[in-house]
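Structural overview
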Amino acid sequence: MGTHGKYGNDVLRKAAGASFRGSGRTVEIDLGRGKAQIDGTIGNRIAIEIESRTSKQVRGAVLDLILHPFPKKLLILEPVYMDVQKTAVQCEFILAKFVRQEDFRVVVFAGSGQANYMERDIASVRSALAELGLQEHAN
């Protein structure tokens, strides 16, 4: 995992505590003749993707989120290889075609593996998780 992925996972672990899972069966997606993985889950309701890649690659990750069986979706964008605001709008548009508005959130991080804005990004994730119905957070 690169520095951007590590930063995103660190933020999620601090925002969600022990309920965040970055490996195991909950992150798997059945694709018929194979499996794919998302970046994490929280509890048994929220599927998570953390992306720092190009907009086109991020839109592929959105498909993984849509296909994951958990009802709630959280997409986190790190401002690295994309126009993050434009990508966020595109991803919200796509998600809204397949997921109820109240069941997804797109969070744009201030930081990345290159710039640490940990406290701000933790607060953003906690806010999104609360909006998705998760009431408990780690401190």
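Refer to the structure presented above.
The shown structure was predicted, so the numbers you read here are calculated from the model rather than taken from an experiment. (Residues numbered from 1 in each chain as written. Predicted model: local features only at pLDDT ≥ 70, side-chain atom pairs only at ≥ 80, totals over all residues. Heavy atoms only, no water.)

Helix and strand content of the chain: four helices and seven strands. Relative to the 2.2 N^0.38 estimate, which gives 14 Å for 139 residues, the radius of gyration of the chain is 14 Å and therefore close to what a compact globule would have. Considering only intrachain contacts with a sequence separation of at least 6, the fraction spanning at least 24 residues in the chain is 65%. Surface accessibility of the chain: about 7500 Å² in total, with carbon and sulfur atoms responsible for 49%. The positive charge centre, built from 19 side chains, and the negative charge centre, built from 16, are 3 Å apart in the chain. (Helix = DSSP H or I, 4+ residues; strand = E, 2+ residues; numbered from the N terminus. Rg over C-alpha atoms; globule rule 2.2 N^0.38 Å. Contact = heavy atoms within 4.5 Å. Areas by Shrake-Rupley, 256 points an atom, 1.4 Å probe, with all protein chains shown as cover. Lys, Arg positive; Asp, Glu negative; His and termini not counted. Charge placed at Lys NZ, Arg CZ, Asp CG, Glu CD.)

On to the side chain of Asp103, then. Structurally, the position occupied by Asp103 is in the loop between helix 3 (84-98) and strand 7 (104-108). When its relative accessible area of 7% is taken as the criterion, Asp103 is described as buried. (Buried < 20%, exposed > 50% of the residue type's maximum accessible area, 1.4 Å probe, protein only.)

Glancing now at the sheet that holds strand 4 (residues 40-42). Strands sit in the order 1-4-5-6-7 across an open sheet of five strands; the sheet is mixed. The strands lining the two open edges of the sheet, one partner per strand, are strand 1 (20-21) and strand 7. Bridging between strand 5 (residues 46-51) and strand 6 (residues 72-77) involves six bridges; their strand directions are parallel. Opposite Ala47, over in strand 6, you have Lys73 as the bridge partner. (Pairing = 2+ DSSP bridges.)

Here the focus is the environment of Ala130. Of note, Ala130 is situated in helix 4 (residues 118-131). For Ala130, a relative accessible area of 36% puts it in the partly exposed group. Spatially, the C-alpha atom of Ala130 lies 14 Å from that of Leu75, the residues being 55 residues apart in sequence.

The next subject is the pattern of salt bridges. In the structure shown here, the tally under the stated rule is six salt bridges. Residue Asp103 is joined to Lys72 by a salt bridge in which the shortest nitrogen-to-oxygen separation is 3.0 Å. Pair noted here: Asp103 is in the loop between helix 3 and strand 7 and Lys72 is in strand 6, with a separation of 31 residues, a long-range link. Each member of the pair, Asp103 together with Lys72, is buried. Here Arg105 ties to Glu131 by a salt bridge, and the two come within 2.5 Å at their closest N and O atoms. Of the two residues, Arg105 sits in strand 7 while Glu131 sits in helix 4, which places them 26 residues apart along the sequence. (Salt bridge = Lys/Arg side-chain N within 4 Å of Asp/Glu carboxyl O.)

With that settled, consider helix 3. Helix length check: helix 3, at 15 residues, gives a terminal C-alpha distance of 21 Å against a target of 21 Å (1.5 Å per residue), a fit within 8%. Buried within helix 3 we find Val84, Thr87, Ala88, Cys91 and Leu95. The buried residues of helix 3 occupy an angular sector of 100 degrees when projected down its axis, which confines them to one face. Facing away from the buried side of helix 3, by more than 90 degrees, are the exposed residues Gln85, Lys86, Val89, Phe93 and Lys97. (Expected span 1.5 Å × (residues − 1). Arc of directions from axis to C-beta.)

It is worth spelling out the pairing of strand 7 at this point. With four of five residues buried, strand 7 is to be regarded as a mostly interior element. In this sheet, strand 7 lies alongside strand 6 in parallel orientation, the contact comprising five bridges. Across the sheet, the residue bridging to Leu75 is Val106, located in strand 7. Remark: the strand 6/helix 3/strand 7 crossover connection has right-handed handedness. (Right-handed = clockwise from strand over helix to strand, strands pointing away.)

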